[in-house]
Amino acid sequence: MENFNTDQVSQYLSKFYDMAIEFAPSLVLAIIVLFVGLRLTKTISKTLSKLMEKRNVDASLRPFFVSLVSITLKAIIAIIVLGMIGIEMTSFIAILGAASLAVGMALSGTLQNFAGGVMILLFKPFKVGDYIEAQGYSGTVKEIQIFNTLLTTPDNKRIIIPNGGLSTGSMVNYSSEPHRRVDFSFGIGYDDDIDKARSIIKEVIKSDKRIFTDPEPFVAVKELADSSVNFAVRVWVEAADYWAVYFLMTEMVKKEFDKNGISIPYPQTDVHLHKTDN
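Residues numbered from 1 in each chain as written. Predicted model: local features only at pLDDT ≥ 70, side-chain atom pairs only at ≥ 80, totals over all residues. Heavy atoms only, no water.

Participant: Just checking my understanding: could you explain the pairing of strand E7 (residues 218-224) for this structure?
Facilitator: Remark: a regular strand shows side chains that alternate across the two faces of the sheet. Taken together, the six bridges between E7 and strand E8 (residues 229-238) define a ladder with antiparallel strand orientation. Bridge pairing in E8 places Ala220 opposite Ala232. Here E7 folds back onto E8 in antiparallel fashion, the turn holding four residues. (Pairing = 2+ DSSP bridges. Helix = DSSP H or I, 4+ residues; strand = E, 2+ residues; numbered from the N terminus.)

So this is what it looks like as structure tokens:
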């Protein structure tokens, strides 16, 4: 029994020695490829990070892209190394591909939002602090996440919009341009003096220093409506002053019209009663 065990151990050692001799070159080469591949991955990641920094890529996007590239390269290196040492990878890759497809189908909506977030961070159709209108909602952008964008409404409600639809749908960015035009419509009675009303509106415009003189403010009769003569008034201001100018000018025009006897009519119905003798 002892001789049998000794012979068996000798056979195992001999086989192990033969296998070591046979696989040693492949193993050494695999280790070299692994070492060089990891160093190369580190270099590529650093280079990519510096390149995105020079291109002014959003700071929240840089770490994500670097990590994604690094993980992808390491996975490729692992597959190459395992194949070099003789491990059959065909079945493994097929299983991994099938699993990835199943996960991708299950998370298609999430992946769409993820891709939308990347597109928004790359092309920057809006930024934090902009006031936008999209997907039936409007508000100030508070945070751009990978999957969602957070808005805050003027009455301090939080709106969460998935990035998928936000990146592919129509959107209005009210903050992208430094200047905005404020449009008004003021109505006066048919018996009122048009020239006097126009002069009053122009004086109100001139009194507000936030309104630009270039482009020149526009004041003209827009239409002869059912119960009023309507003026179209257009002025240009800094984007940040839009609502302040809008509210103040609306109030000031009303006050000046009242002081000068200019009426602002409202829809009304005249009822005539006729007395008949039976």
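The discussion continues.
Participant: What exactly am I supposed to notice about the sheet that holds strand E5 (residues 171-173) here?
Facilitator: Across the sheet, which stays open at both edges, the five strands sit in the order E4-E3-E2-E1-E5 with antiparallel pairing between neighbours. The two strands at the open ends of the sheet, each matched to only one other strand, are strand E4 (158-162) and E5. Each adjacent strand pair in this sheet contributes to an overall mean axis angle of 40°, direction not counted. Where strand E3 (residues 148-152) meets E4, five bridges bridge the pair, whose relative direction is antiparallel. Following the sheet pairing, Asn148 is matched in E4 by Pro162. (Axes fitted to C-alpha atoms, helices over the stretch in contact; angles between N-to-C directions.)

Participant: Sorry if this is basic, but what is going on with a positive patch on the surface here?
Facilitator: The grouping of Arg39, Lys42, Lys46, Lys50 and Lys54 at the surface amounts to a positive patch. Relative to the elements of secondary structure, Lys46 occurs in helix H1 (residues 2-54). (Patch = residues over 30% accessible without salt bridge, like charges linked within 9 Å, V, L, I, M, F, W, Y side chains within 5 Å. Areas by Shrake-Rupley, 256 points an atom, 1.4 Å probe, with all protein chains shown as cover. Salt bridge = Lys/Arg side-chain N within 4 Å of Asp/Glu carboxyl O. Lys, Arg positive; Asp, Glu negative; His and termini not counted. Charge placed at Lys NZ, Arg CZ, Asp CG, Glu CD.)

Participant: Please explain the nonpolar core as it appears in this structure.
Facilitator: Buried together is how nonpolar side chains tend to be arranged in soluble globular proteins. Grouped together as the largest cluster of nonpolar side chains are 22 residues, with contacts concentrated most on Phe186, Ile201, Ile205, Val233, Met249 and Phe257. Put simply, the parts of the chain that give this core at least two residues each are strand E6 (179-188), helix H6 (194-207), E8 and helix H7 (242-259). With 11 residues, the next largest nonpolar core counts Leu121, Ile144, Ile159 and Leu166 among its residues. (Core = buried A, V, L, I, M, F, W, Y, C linked by side-chain atoms within 4.5 Å. Buried < 20%, exposed > 50% of the residue type's maximum accessible area, 1.4 Å probe, protein only.)

Participant: What is the right way to look at the sheet that holds E6 in this model?
Facilitator: Strand-to-strand pairing in sheets goes through backbone hydrogen bonds, with the strands running parallel or antiparallel. An order of E6-E8-E7 is seen for the three strands of this open sheet, with the pairing classed as antiparallel. On the outer flanks of this sheet lie E6 and E7, each paired with one strand and no other. Neighbouring strand axes in the sheet, compared pairwise and without regard to direction, differ in orientation by 25° on average. Strands E6, E7 and E8 of the sheet are contacted by H6, whose axis makes an angle of about 15° with E8. (Contact = heavy atoms within 4.5 Å.)

Participant: Is there a simple way to explain unusual backbone geometry in this structure?
Facilitator: The phi torsion of most residues other than glycine is negative, and most of the peptide bonds are trans. Here the residue pair Asp214 and Pro215 is connected by a cis peptide bond, since its omega of 5° sits within 30 degrees of zero. The backbone of Lys124 sits at a positive phi, close to 50°, despite the residue not being glycine. Positive phi outside glycine occurs at Gln135, with the angle close to 55°. By secondary structure assignment, the location of Gln135 is in the loop between strand E1 (131-134) and strand E2 (137-144). What makes Gln135 partly exposed here is its relative accessible area of 41%.

Participant: Please clarify how the environment of Ile32 should be interpreted in this entry.
Facilitator: Residue placement: Ile32 occurs in helix H1. For Ile32 and Val81, which are 49 residues apart along the polypeptide, the C-alpha to C-alpha distance reads 9.4 Å.

Participant: Mind showing me how you'd approach the environment of Leu73 here?
Facilitator: By the secondary structure assignment, Leu73 is in helix H2 (residues 62-84). By relative accessible area, which is 24% here, Leu73 ends up partly exposed. Sequence-wise, Leu73 and Ser45 are 28 residues apart; in three dimensions their C-alpha atoms are separated by 9.7 Å. With sequence-adjacent residues up to four places away left out, Leu73 is seen in contact with Thr41 and Ile44.

Participant: Sorry if this is basic, but what is going on with the packing of aromatic side chains here?
Facilitator: Aromatic ring pairs are reported here in terms of the distance separating the ring centres and the angle at which the planes meet. Within the structure shown, the criterion is met by nine aromatic pairs. Ring centres 5.0 Å apart and planes at 85° place the aromatic pair Tyr242 and Trp243 in the edge-to-face group. Ring geometry for Trp243 against Tyr246: centres 5.7 Å apart, planes inclined by 80°, an arrangement best described as edge-to-face. Of this pair, Trp243 and Tyr246 both sit in helix H7, three residues apart, which is roughly one turn of that helix. By relative accessible area, which is 49% here, Trp243 ends up partly exposed. Residue classification places Tyr246 among the partly exposed positions, given a relative accessible area of 29%. These aromatic residues form a ring-pair network of at least three members: Phe184, Phe186, Tyr242, Trp243, Tyr246 and Phe247. (Phe/Tyr/Trp six-rings, centres within 6.5 Å; stacked < 30°, edge-to-face > 60°.)

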